[in-house]
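Each chain is listed here by its residues.
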Amino acid sequence: MPEKLEARVRRSNNLAMIHFSGDVTTFAEDVVQNAYREAIRDGGRNVAIDFSACEYINSAGIAAIIGVVTEARRQGRRMLVFGLSPHYQKIFRMVGLADYVEMCTTEAEAVQRVKPPEA
Amino acid sequence: MADDVKRSIEIHIPSELGYEKVAMEAAGAAAKRMGFSADRIQNLKTAVAEACLNAIEHGNKLDVSTEVGIVLTIQPASLQVNVTDEGKQPFPDRPIQPGRPEDHRGWGMFLIQNLMDEVQVSAEPDGGNQVRMVIHLDK
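For every chain, the first residue of its written sequence is number 1, and the numbers climb from 1 along that sequence. Each chain is given a letter, starting from A, and each ligand a number, starting from 1, according to the order in which they appear as written. Confidence filtering applies because this is a predicted model: local features only for residues at pLDDT of at least 70, side-chain atom pairs given and counted only at 80 or more, and all residues used for totals across whole chains, interfaces and linings.

**Student:** I'd like a description of the overall build of chain A, backed by residues and values.
**Tutor:** A run of H or I in DSSP becomes a helix once it reaches four residues, and a run of E becomes a strand once it reaches two; helices and strands are each numbered from the N terminus. Tallying secondary structure elements over chain A gives four helices and five strands in all. With respect to the three principal axes, the spread of C-alpha positions in chain A is 50 × 25 × 25 Å. In chain A, which comprises 119 residues, the proportion classed as buried is 40%. We call two residues in contact when their backbone-placed C-beta atoms lie within 7 Å. Long-range pairs, those at least 24 residues apart, make up 68% of the contacts in chain A between residues at least 6 apart in sequence. Three exposure classes are used, based on other C-beta atoms lying within 10 Å of a residue's own C-beta, which is placed from the backbone: buried for 20 or more, exposed for 12 or fewer, and partly exposed in between.

**Student:** I'd like a rundown of the packing of helix H2 (residues 59-74) of chain A against helix H3 (residues 107-115) of chain B, residues and numbers included.
**Tutor:** Between N-to-C directions, angles cover 0 to 180 degrees, with each direction set by a line fitted to C-alpha atoms, over the stretch in contact for helices. Remark: H2 of chain A packs on H3 of chain B, axes separated minimally by 9 Å, with the N-to-C direction vectors making an angle of 115°. The element H2 of chain A and its partner H3 of chain B pack so that their crossing is right-handed. Counting all contacts with H2 of chain A, which are made through Ser-59, Ile-62 and Ala-63 of chain A, the residues of H3 of chain B involved are Trp-107, Gly-108 and Leu-111 of chain B. Whether a crossing is left-handed or right-handed is set by the direction in which the near helix is turned from the far one by less than a right angle, anticlockwise for left-handed and clockwise for right-handed.

**Student:** Let's hear about the nonpolar core: which residues, and what values?
**Tutor:** Residues enter a nonpolar core if they are buried, belong to Ala, Val, Leu, Ile, Met, Phe, Trp, Tyr or Cys, and are joined to the set through C-beta atoms within 7 Å. In this structure, Val-48 and Cys-52 of chain B are the most contacted members of the largest nonpolar core, which totals 74 residues. Each residue touching Val-48 of chain B, except ones within four places of it in the same chain, is listed here: Ala-23, Met-24, Ala-27 and Val-81 of chain B.

**Student:** Let's hear about the environment of Glu-16 of chain B: which residues, and what values?
**Tutor:** Residue and element names in this part refer to chain B. Tracing the backbone through its elements, the reader meets Glu-16 in the loop between strand S1 (7-14) and helix H1 (20-34). By C-beta crowding, Glu-16 is classed as partly exposed, having 16 other C-beta atoms within 10 Å. A C-alpha to C-alpha distance of 33 Å links Glu-16 and Pro-76, two positions 60 residues apart in sequence.

**Student:** Explain the environment of Phe-51 of chain A to me, and be specific about the residues and the numbers.
**Tutor:** All names here are of chain A. Its place among the elements puts Phe-51 in strand S3 (residues 46-53). Note: C-alpha distance between Phe-51 and Phe-82 (31 residues apart in sequence) is 6.2 Å. In contact with Phe-51, not counting residues within four places along its chain, are Phe-20, Val-81, Gly-83, Leu-84 and Tyr-88.

**Student:** So what about the packing of helix H1 (residues 29-39) of chain A against H2 of chain A? Which residues, and what values?
**Tutor:** Residue and element names in this part refer to chain A. At a closest axis distance of 9 Å, the pairing of H1 and H2 adopts a crossing angle of 25°. As summarised for this structure, H1 and H2 are arranged roughly parallel, according to the angle between their axes. Judged by the sense of rotation from one axis to the other, the crossing of H1 with H2 is right-handed. For the pair H1 and H2, the contacting residues are Glu-29, Val-32, Gln-33 and Tyr-36 in the first and Ala-64, Ile-65 and Val-68 in the second. The cut-offs work like this: below 35 degrees is roughly parallel, past 145 is roughly antiparallel, 65 to 115 is roughly perpendicular, and the gaps in between are oblique.

**Student:** An account of the sheet that holds strand S2 (residues 67-75) of chain B is needed here, citing residue identities and associated values.
**Tutor:** All names here are of chain B. One bridge is not enough; two strands pair if DSSP finds at least two bridges between them. The sheet built from five strands is open, its strands ordered S1-S2-S3-S5-S4 with antiparallel pairing. Of all strands in the sheet, those with a lone pairing partner are S1 and strand S4 (118-123), marking the two edges. Taken over all neighbouring pairs, the strand axes of this sheet differ in orientation by 15° on average, direction set aside. Contacting S1, S2 and strand S3 (78-84), H1 crosses the sheet at an angle of about 165° to S1.

**Student:** Could you give me a rundown of unusual backbone geometry, with the residues and numbers involved?
**Tutor:** All names here are of chain B. Of note, Lys-61 is a non-glycine position whose phi angle comes to about 50°, a positive value. Checked against the element boundaries, Lys-61 lands in the loop between helix H2 (38-59) and S2. One non-glycine residue, Leu-62, lies in the positive phi region at around 60°. When you line up the elements, Leu-62 lands in the loop between H2 and S2.

Right under this line is the structure:
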């Protein structure tokens, strides 16, 4: 019954992007962890997560996200998220996640935020 | 609908992760019919899903021979949702500290308490756990 979570990772010079699609639940823990590992494989400092194709995120999914956010913080990485519905933006603020990740509305905003200053 | 009539909907779901979505969709449909705003419906759906998850995972310990009961009671100005398990074990009672990402377990009850207008957790005489939640129309 749960819609299986799938992850696609794209890496560019200064931003690794994780695109999730499906439900972020108990069953998502390994997918979330593996996607994060893939995103940082080349040592990138900035990671953005796209939730625009995730309709259902529950407390177990939030715990999985908090797990990688905690790891990213420990490693000194910058985490950004975008594509969350207004409801899940509220939930992220409620559980304190918004204090540790940069909440963006769109992919373009996330890209812009990590864009290196022009010489 | 006549204002003084109480209506109720009863659902039983297996103690299997994923079936909480059936209960949350039913609660969402009832709330929509009652005229709740989209934002409040989302709050309700998340709270119902989390109460069912607690019941499935903790109350019934994922035992597929058990069920979770959900009763939606439609009142003139509010919707009450009772979620009951078979009490294989009591709910965990551990405070959550928002803003500490390392403290990431047990968010379900925290979300329920922050999204609903009234919440009561009780032990049933037969040993089950019950979460009673109310959301008011006038907020």
